[in-house]
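Chain by chain, the residues run as shown.
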Amino acid sequence: MNTTSSHSTDDTIPSVPSSGSAKPANKVSPNAFQWLALGAIAGPVLFTLGWIILGALSPGYTAWGIHIAPYSPISQPISGLGVTAPFMNAIFVLSGFLLLVGVIGIFQGIREMGAFERWSCIVLFAFSPLGMVMDGFFTLETILLHTVGFLLACATPILSFVVVGITLRRIKSFRRFGNWLLLGSPLTLALLILYFLTFSPTVAGLQTGVAGLTERTLGVEVHIWFVVLGVLVFQRLSGKQARDLKKFG
């Protein structure tokens, strides 16, 4: 006896007709993607808690042979914690990995996308978590590679938010978020420019400047978009799973 599924709503994930007592394929994959998407929430949350807690505990760090103390989240960068606190470097790597897993789960869970669109979005959004991982391996002591990681994490969203926003606008249930994501691109650009305007690579700048605050504002802003999209996809797949269990249970 054959069973088929209909495409009555825009958020329905197509399933392959099954026969006999076999379970539909779409009962497994959406559930897996649902939990993978949580990485887009866990990664940013872990990273934020990490620099808040370790920043409060840090006695300062050494830059250019001079000890900068006490540590100030207003004037000093998050990466300064990685010079004297190995835990912060581990948090960079683990948070980036979780966020990368979340990105894969998010776009694999949006089945209305074609394969090219899906993987294009994954690649573009993957630059940011990969930049976080890179900064975990290369601290301020290797400033060139660390800067490359920072730009991957905070500058590539200027482009990726536009491309992904346009793609999501074509999907009815993500149209509103896609519109907002388009606004996220110029906002990220503005915050990045503000950070560079306030950044002063001197001991005086690390003691009296506000680059630490502008950097944290930029980082939180970028991560919020990942978190919101992760929540939306998780909720959407949760609803889809519930409907499937009711239909085939």
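Everything numeric here is computed off the predicted structure, so don't read it as measured data. (Residues numbered from 1 in each chain as written. Predicted model: local features only at pLDDT ≥ 70, side-chain atom pairs only at ≥ 80, totals over all residues. Heavy atoms only, no water.)

## A few points about the packing of helix H5 (residues 115-137) against helix H7 (residues 157-169)
- At their nearest, the axes of H5 and H7 sit 9 Å apart, and the two run at 155 degrees to each other. When the axis of H5 is compared with that of H7, the two are roughly antiparallel. Judged by the twist between their axes, the crossing of H5 over H7 is left-handed. Contacts from Glu117, Cys121, Leu124, Phe125 and Ser128 of H5 reach H7 at Pro157, Leu159, Ser160, Phe161, Val163, Val164 and Thr167.
- Split by residue class, the contact of H5 with H7 holds 8 nonpolar, 3 polar and 1 charged. (Axes fitted to C-alpha atoms, helices over the stretch in contact; angles between N-to-C directions. Helix = DSSP H or I, 4+ residues; strand = E, 2+ residues; numbered from the N terminus. Parallel < 35°, antiparallel > 145°, perpendicular 65-115°, else oblique. Left-handed = near helix turned anticlockwise from the far one by under 90°. Contact = heavy atoms within 4.5 Å. Nonpolar A, V, L, I, M, F, W, Y, C, P; charged D, E, K, R; others polar.)

## Describing the confidence of the model for the protein
- The pLDDT averaged across the protein works out to 84; a share of 79% of its residues lies at or above 70.
- Note on residues 1-28: pLDDT is under 50 here. Beyond four places in sequence and across chains, it has 40 contacts. (pLDDT = per-residue confidence, 0-100.)

## As for the UniProt feature "transmembrane region" (unreviewed entry) in the protein
- UniProt marks residues 33-54, 87-107, 119-138, 144-168, 180-198 and 218-237 with the feature "transmembrane region" (unreviewed entry), using the numbering shown here.
- Annotated as 95% helix and 0% strand, the span residues 119-138 places its first and last C-alpha atoms 28 Å apart.
- As annotated, residues 144-168 has a helix share of 92% and a strand share of 0%, and its two end C-alpha atoms lie 35 Å apart. (UniProt positions renumbered as here; feature names shortened; annotations may be inferred.)

## A closer look at the environment of Thr198
- Inspection of the secondary structure assignment puts Thr198 in helix H8 (residues 175-198).
- Exposure remark for Thr198: the relative accessible area of 22% places this residue in the partly exposed category.
- As for Thr198 and Ser75, which are separated by 123 residues in sequence, their C-alpha atoms are 9.4 Å apart.
- Sequence-distant contacts of Thr198, that is, excluding residues within four places in its chain, are made with Val210, Ala211 and Thr214.
- Polar contacts involving the side chain of Thr198 include one to the main-chain carbonyl oxygen of Tyr195, which spans 2.9 Å.
- Among the polar contacts listed, one links the side chain of Thr198 to the side chain of Thr214, at a separation of 2.9 Å. (Buried < 20%, exposed > 50% of the residue type's maximum accessible area, 1.4 Å probe, protein only. Polar contact = N/O pair within 3.5 Å; in protein donor to acceptor, adjacent residues only side chain to side chain.)

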